[in-house]
Amino acid sequence: MPDIAGASESQPPVQAGSAPPAPRDIGAVNWLGLWTLYKKEVRRFLKVSFQTVLAPVATTLLFMMVFALAIGATREAPGGVPFVMFLAPGLIMMGLLNNSFANSSSSLIVAKVQGNTVDFLMPPLSPAELAAAFIGGAVTRGVIVALTSAVVIVPFVSLPVTHVWAILFFGVGAAAMLGMVGVIAGVWAEKFDHLAVITNFIIMPLTFLSGTFYSISILPEPFQTISHINPFFYLIDGFRYGFIGYADGNIAIGVAMVLVINAALLTATYMVLRSGWRLKT
């Protein structure tokens with residue numbers, strides 16, 4: 001019978017570095033996972049940039065041409081600026097709003113329909129990290145569409161820059177707002193028709209009735225007061241103020257409203273993702 005002690009002594013020594021790898025220390029924030037999901041969101045819409053970027057820009061340019069021909073490029077708007085100069089920031093913001101919503105909402109509904117939600121639910125990503133990646137992708141698409149639209153419009157319309165802070169604050173704030181609305185809508189929706197309802201009956205009416213194509217100062221009461229309740233009015237009005245220096249409303253109220261609404265939406269987005277509602281079932 002072999003000597004147990006001798007057998008133990010005859011085994012080869014454990015080589016240095018042959019121990020099993022230790023689990024990766026993720027830390028407080030999974031930066032690698034967050035960056036990977038964000039890149040996936042950006043590459044998803046850049047892969048079809050003809051549809052997601054160039055098509056909205058073409059729509060913005062068509063709106064500009066139609067209104068310039070129908071109303072006249074020389075007609076003055078409130079603030080003493082040509083009407084097309086007044087119109088351009090509103091059209092840029094309209095494209096930004098629609099595409100920010102479309103990016104996050106379509107990403108989630110496609111993942112649910114195709115059964116790919118496991119791709120972002122199984123990795124060690126917290127609800128806050130998921131929210132940051134989806135919102136970041138929506139903001140990126142909205143800003144790219146807005147910048148491209150501005151570049152295309154500038155050769156036809158002299159577009160001054162009066163307050164850079166207002167352009168950045170209301171532009172990024174609007175993209176984040178609609179990105180968060182898109183996340184919540186994408187989680188809630190069970191098919192593409194549900195998203196179409198939100199787009200056609202909520203986002204589009206709020207956009208068109210917020211002073212995109214006109215100054216609300218020409219509206220009779222009570223419609224002028226009602227317009228001040230529309231959060232999209234403050235987004236477009238503040239964004240336009242950054243370019244032409246004229247605002248229909250109070251910029252301070254607009255800043256406060258954007259901060260309050262975005263804080264509420266961020267909380268709601270986090271709670272929805274943390275619950276796993278309609279994602280894990």
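Structure's up top.
Thresholds, definitions, all that
Residues numbered from 1 in each chain as written. Predicted model: local features only at pLDDT ≥ 70, side-chain atom pairs only at ≥ 80, totals over all residues. Heavy atoms only, no water. Helix = DSSP H or I, 4+ residues; strand = E, 2+ residues; numbered from the N terminus. Rg over C-alpha atoms; globule rule 2.2 N^0.38 Å. Buried < 20%, exposed > 50% of the residue type's maximum accessible area, 1.4 Å probe, protein only. Contact = heavy atoms within 4.5 Å. Areas by Shrake-Rupley, 256 points an atom, 1.4 Å probe, with all protein chains shown as cover. Lys, Arg positive; Asp, Glu negative; His and termini not counted. Charge placed at Lys NZ, Arg CZ, Asp CG, Glu CD. Core = buried A, V, L, I, M, F, W, Y, C linked by side-chain atoms within 4.5 Å. Axes fitted to C-alpha atoms, helices over the stretch in contact; angles between N-to-C directions. Parallel < 35°, antiparallel > 145°, perpendicular 65-115°, else oblique. Left-handed = near helix turned anticlockwise from the far one by under 90°. Nonpolar A, V, L, I, M, F, W, Y, C, P; charged D, E, K, R; others polar. Salt bridge = Lys/Arg side-chain N within 4 Å of Asp/Glu carboxyl O. Phe/Tyr/Trp six-rings, centres within 6.5 Å; stacked < 30°, edge-to-face > 60°. Lys NZ or Arg CZ within 6 Å of the ring centre and 35° of its normal. Polar contact = N/O pair within 3.5 Å; in protein donor to acceptor, adjacent residues only side chain to side chain. Expected span 1.5 Å × (residues − 1). Patch = residues over 30% accessible without salt bridge, like charges linked within 9 Å, V, L, I, M, F, W, Y side chains within 5 Å.

Focus: the overall build of the chain
- The helix and strand tally for the chain stands at eleven helices and two strands.
- Tracing the chain from N to C terminus, the helices and strands come up as α-α-α-β-β-α-α-α-α-α-α-α-α.
- In terms of overall dimensions, the chain is more spread out than a globule: its C-alpha atoms have a radius of gyration of 25 Å, far above the 19 Å expected for 281 residues.
- Looking at the chain residue by residue over its 281 residues, the buried ones come to 44%.
- Taking contacts inside the chain between residues at least 6 apart in sequence as the whole, the part at least 24 apart equals 80%.
- Carbon together with sulfur atoms contributes 70% to the accessible area of the chain, which is approximately 14,600 Å² in total.
- Taking the average location of the 14 positive side-chain charges in the chain and that of its 12 negative ones, the two points are 7 Å from each other.

Things to note about the nonpolar core
- Grouped together as the largest cluster of nonpolar side chains are 68 residues, with contacts concentrated most on Met-64, Met-93, Phe-120 and Leu-235.
- When contributions to this core are tallied by element, the ones reaching two or more residues are α2 (31-46), α4 (83-114), α6 (127-153), α7 (164-188), α8 (192-208), α10 (231-244) and α11 (251-275).
- In terms of residue count, α4 provides more of this core than any other element does, 16 residues in total.
- Sequence-distant contacts of Leu-235, that is, excluding residues within four places in its chain, are made with Met-93, Leu-97, Phe-170, Ala-174, Met-177 and Val-258.

Points about the environment of Leu-265
- You can see Leu-265 is positioned in helix α11.
- Using a relative accessible area of 16% as the deciding quantity, one classes Leu-265 as buried.
- In the structure, Leu-265 is positioned 84 residues away from Val-181 in sequence and 7.2 Å away in space, judged by C-alpha atoms.
- Apart from the residues within four sequence positions on either side, Leu-265 is in contact with Met-177, Met-180, Val-181 and Ile-184.

Remarks on the packing of α6 against α7
- The geometry of α6 relative to α7 is characterised by a closest axis approach of 8 Å and an angle of 130° between their N-to-C directions. Regarding the angle of α6 to α7, the classification is oblique. Between α6 and α7 the crossing geometry is right-handed. Taken together, the residues of α7 that come into contact with α6 (itself represented by Phe-134, Ile-135, Ala-138 and Val-139) are Val-172, Ala-175, Ala-176, Gly-179, Met-180 and Val-183.
- Residue composition of the contact of α6 with α7, by class: nine nonpolar, one polar and no charged.

Points about the side chain of Thr-207
- With respect to the element layout, Thr-207 can be found in helix α8.
- In this view, Thr-207 contacts Met-94, Leu-97, Thr-212, Phe-232 and Ile-236; residues no more than four positions away in its chain are not counted.

A few points about the pattern of salt bridges
- Evaluation of the coordinates by the stated rule reveals two salt bridges.
- In this structure, Lys-40 engages Glu-41 in a salt bridge whose closest nitrogen and oxygen atoms are separated by 3.2 Å.
- For Glu-190, the salt bridge identified is with Arg-278, shortest N-O distance 3.7 Å. Of the two residues, Glu-190 is situated in the loop between α7 and α8 and Arg-278 in the segment after α11; the sequence distance between them amounts to 88 residues.
- On the accessibility criterion, Glu-190 (52% relative accessible area) is exposed.
- For Arg-278, a relative accessible area of 27% gives the class partly exposed.

Some words on the packing of aromatic side chains
- The full count for this structure, using the stated rule, is eleven aromatic pairs.
- A ring pair is formed by Phe-63 and Phe-208, whose centres lie 6.4 Å apart and whose planes are at 70°; its orientation type is edge-to-face. Highlighted residues: Phe-63 in helix α3 (residues 49-71) and Phe-208 in helix α8, separated in sequence by 145 residues.
- You can call Phe-63 partly exposed: its relative accessible area is 22%.
- Of the aromatic side chains, those joined through ring pairs into one cluster are Phe-63, Phe-67, Phe-208 and Phe-213.
- Between Arg-240 and the ring centre of Phe-86, over which it is positioned, the NZ or CZ distance is 3.8 Å.

With respect to the side chain of Lys-112
- Examined against the element boundaries, Lys-112 turns out to sit in helix α4.
- A polar side-chain atom of Lys-112 sits 3.3 Å from the main-chain carbonyl oxygen of Gly-186.

A short note on α4
- In a regular helix each residue adds 1.5 Å, so 32 residues correspond to 46 Å; α4 covers 46 Å between its end C-alpha atoms and thus fits that length.
- Immediately downstream of α4, the backbone of Gly-115 shows phi near 75°, a positive value.

Quick look at the packing of α2 against α6
- In the contact formed by α2 and α6, the axes pass within 8 Å of each other and the chain directions differ by 35°. Read as a crossing pair, α2 and α6 show a hand that is right-handed. Judged by residue contacts, Leu-34, Leu-37, Tyr-38, Glu-41, Val-42 and Phe-45 of α2 engage Glu-129, Leu-130, Ala-132, Ala-133, Phe-134, Gly-136, Gly-137, Thr-140, Arg-141 and Ile-144 from α6.
- Along the lines of polarity and charge, the residues of the contact of α2 with α6 split into ten nonpolar, three polar and three charged.

Quick word on a nonpolar patch on the surface
- Taken together, Val-161, Val-164 and Leu-168 make up a surface patch of nonpolar side chains, about 280 Å² in accessible area.
- By the element assignment, Val-161 lies in the loop between α6 and α7.

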